Amino acid sequence: MDRGQLYSLAREETNISEVQMRILGNMQEALQFAADVSREQVIVMTRGKNPDMAVVLCVVSPSYAGSPSYYHEGDVSFMDEAALAESVLVTGRKIVGRKELEIGRQVAVTAYPLSDNAGVVFAAVCFISSSTKQHQVLTDTAYMALLLPLTGEAYHLPRLQDGLLVLDSVGRILYANDMAAGLCFVLDKEAAEPKNLVGRAMIHLPLVESVMATGRPQYGEEQAGGLTLTAWGLPLLVQGRVQRTLLVLTDVTAIREKEQQILVKNSVIKEIHHRVKNNLNTIAGILRMQARRAENEETKEALRRAVDRILGISQIHDILARQSGENVDWRQLLDRLCRLSLDSLTAGCRVHLSMENDGEPLVMGSEAAVNLAIAVNELIHNALDHGFHGLPEGRLTISECCEDGWFHLCVRNDGHLLPEGFNAKGYDLGLQIVRTLTEIELGGSFSFGNEDGQVAAHIRCPVKRLEVTE
């Protein structure tokens with residue numbers, strides 16, 4: 001329930017004040033935390049406008065449990081049927097008892113008072129177990145967390161696989177679930193056996209000491225016994241002093257090992273791209289030497305085009321070496337590729353580059369990115385060599401979008417138009433490379449021709465073919 005609904009319900013059905021409503025409103029996240037810590041349903045109940053009636057204002061169940069709800073927001077009943085809540089409202093003290101939900105079925109209930117800043121008890125918060133047993137250390141701790149809800153800091157909600165501990169004011173263990181017992185023994189070799197932790201062992205962690213000293217929640221990691229554990233400590237204060245500390249431990253060893261493996265893999269991938277780039281540059285240098293020694297102009301031109309293609313691919317691997325993992329930021333790759341190509345190839349012609357897209361990041365697998373980048377590089381070369389040949393300036397536009405599961409990239413130039421009757425039979429080697437990469441490697445289609453007074457090349461391929469492949 002959001003605050004607006006809570007306030008509306010409270011105004012319509014109860015006589016609690018605006019200040020008391022805000023107290024409940026500020027408690028919403030803390031209520032969920034209390035339910036997860038106690039592993040019980042938590043309800044907030046108060047008197048209705050008719051003092052003989054009880055109204056349920058809030059109902060929160062554990063986030064990981066699928067147990068049925070015993071109450072719902074807005075439920076109204078006679079006060080006689082909510083005897084424990086009524087007792088709390090009258091006495092202002094904690095009450096422990098049972099409630100019969102139906103004939104032959106009882107549940108355990110622990111109810112606590114909620115007071116405003118003036119000390120007036122205006123509601124009862126009830127912890128309802130799914131059986132007739134409750135762990136009072138947990139319900140007391142969860143209630144203490146409600147009294148000082150966090151503001152501006154996120155709660156670390158304990159999950160079933162997490163270790164949960166409650167420590168007293170000196171760090172002695174008051175409660176430890178089964179997962180926490182094993183983890184505590186790993187963290188502190190001086191601790192008693194796991195089954196004897198409660199009431200005997202103490203936790204000696206820098207994080208716990210910091211929580212107790214500062215009275216502020218703390219989060220960190222601990223390395224012990226070959227395990228990596230995250231620890232979150234929440235201080236529970238009474239009159240400004242830490243009375244208890246709630247500690248949530250999570251074994252993240254497998255996660256950290258996986259992260260390390262990914263870092264190593266990324267480093268290897270970057271090194272491969274770097275070495276490929278260097279090898280391609282070496283090959284390009286050899287071909288340049290061969291071109292200078294060639295006497296035939298046609299041979300020199302063929303070698304020059306080969307050098308340009310090799311350097312274009314080298315640029316692609318240089319860019320990929322600067323990115324991490326199998327996922328590639330295509331927009332970043334395309335932007336740098338275009339600018340490097342124009343800087344190295346636009347001798348004697350001033351080219352105005354325009355790039356159009358929807359502004360959303362586009363991430364693709366490195367294999368698809370390389371194929372697409374080579375195709376775009378060829379189209380840029382084609383525009384510079386043929387479209388702008390002999391012209392003082394020209395405009396090159398590269399646009400792209402994703403729609404209905406298809407990726408569409410278009411490269412346009414306003415230079416020389418293609419001769420009439422031009423078709424695929426007239427494709428030179430560069431355009432043949434683009435068509436092969438588009439149709440075979442990317443599973444798409446390629447078209448090239450005059451369009452609205454410009455020369456336009458269209459690449460279309462399924463978005464799924466651009467994703468990372470295992």
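Computed from a prediction, not measured in an experiment: that's the story for all the values here.

1. Topic: helix α12 (residues 429-441)
Because each turn of an α-helix spans 3.6 residues, side chains separated by three or four positions end up pointing in the same direction. Look at α12: 17 Å from first C-alpha to last across 13 residues, which is about the 18 Å you get at 1.5 Å a residue. By the burial criterion, the buried members of α12 are Gly 430, Leu 431, Val 434, Leu 437 and Thr 438. Around the axis of α12, the buried residues are gathered within 125° of arc, so they sit on the same side. Turned more than 90 degrees away from the buried face of α12, the exposed residues are Leu 429 and Ile 440.

2. With respect to the sheet that holds strand β8 (residues 173-176)
Hydrogen bonds between backbone groups are what pair the strands of a sheet, and the pairing can be parallel or antiparallel. Spatially, β8-β7-β11-β10-β9 is the arrangement adopted by the five strands of the open sheet, whose pairing is antiparallel. Each edge of the open sheet is held by one strand with a lone partner, namely β8 and β9 (218-224). On average, adjacent strands in this sheet sit at an angle of 25° to one another, irrespective of strand direction.

3. Points about helix α7 (residues 206-214)
Every buried residue belonging to α7 is among Leu 207, Val 208 and Val 211, and all of these are buried. Down the axis of α7, the smallest arc covering the buried residues is 100°, so these residues share one side. Facing away from the buried side of α7 by more than 90 degrees, the exposed set consists of Pro 206, Glu 209 and Ala 213. For α7, the secondary structure elements touched by its buried residues are β7 (163-167), β9, β10 (227-238) and β11 (241-251). Among the residues trailing α7, Gly 215 stands out with phi positive, at a value near 70°.

4. Considerations on the packing of helix α3 (residues 28-38) against helix α5 (residues 136-147)
For the pair α3 and α5, interaxial distance at closest approach is 9 Å and the crossing angle is 170°. By the angle between their directions, the pair α3 and α5 is classed as roughly antiparallel. When you trace α3 past α5, the crossing you get is right-handed. Residue-level contacts link Ala 30, Leu 31, Phe 33, Ala 34, Val 37 and Ser 38 of α3 to Leu 138, Ala 142, Ala 145 and Leu 146 of α5. Of the residues contributing to the contact of α3 with α5, the split by class is nine nonpolar, one polar and no charged.

5. Details of the pattern of salt bridges
Throughout the structure, instances matching the rule amount to nine salt bridges. For Lys 277, the salt bridge goes to Asp 318, with nearest N and O atoms at 3.7 Å. Remark: Asp 318 occurs in helix α9 (residues 297-321) and Lys 277 occurs in helix α8 (residues 253-293); sequence separation between them is 41 residues. Judged by relative accessible area, Asp 318 falls into the buried class, the value being 15%. One connected set of salt bridges, linked through shared partners, spans Lys 277, Asp 318 and Arg 336.

How each quantity is defined
- Residues numbered from 1 in each chain as written.
- Predicted model: local features only at pLDDT ≥ 70, side-chain atom pairs only at ≥ 80, totals over all residues.
- Heavy atoms only, no water.
- Helix = DSSP H or I, 4+ residues; strand = E, 2+ residues; numbered from the N terminus.
- Expected span 1.5 Å × (residues − 1).
- Buried < 20%, exposed > 50% of the residue type's maximum accessible area, 1.4 Å probe, protein only.
- Arc of directions from axis to C-beta.
- Pairing = 2+ DSSP bridges.
- Axes fitted to C-alpha atoms, helices over the stretch in contact; angles between N-to-C directions.
- Contact = heavy atoms within 4.5 Å.
- Parallel < 35°, antiparallel > 145°, perpendicular 65-115°, else oblique.
- Left-handed = near helix turned anticlockwise from the far one by under 90°.
- Nonpolar A, V, L, I, M, F, W, Y, C, P; charged D, E, K, R; others polar.
- Salt bridge = Lys/Arg side-chain N within 4 Å of Asp/Glu carboxyl O.

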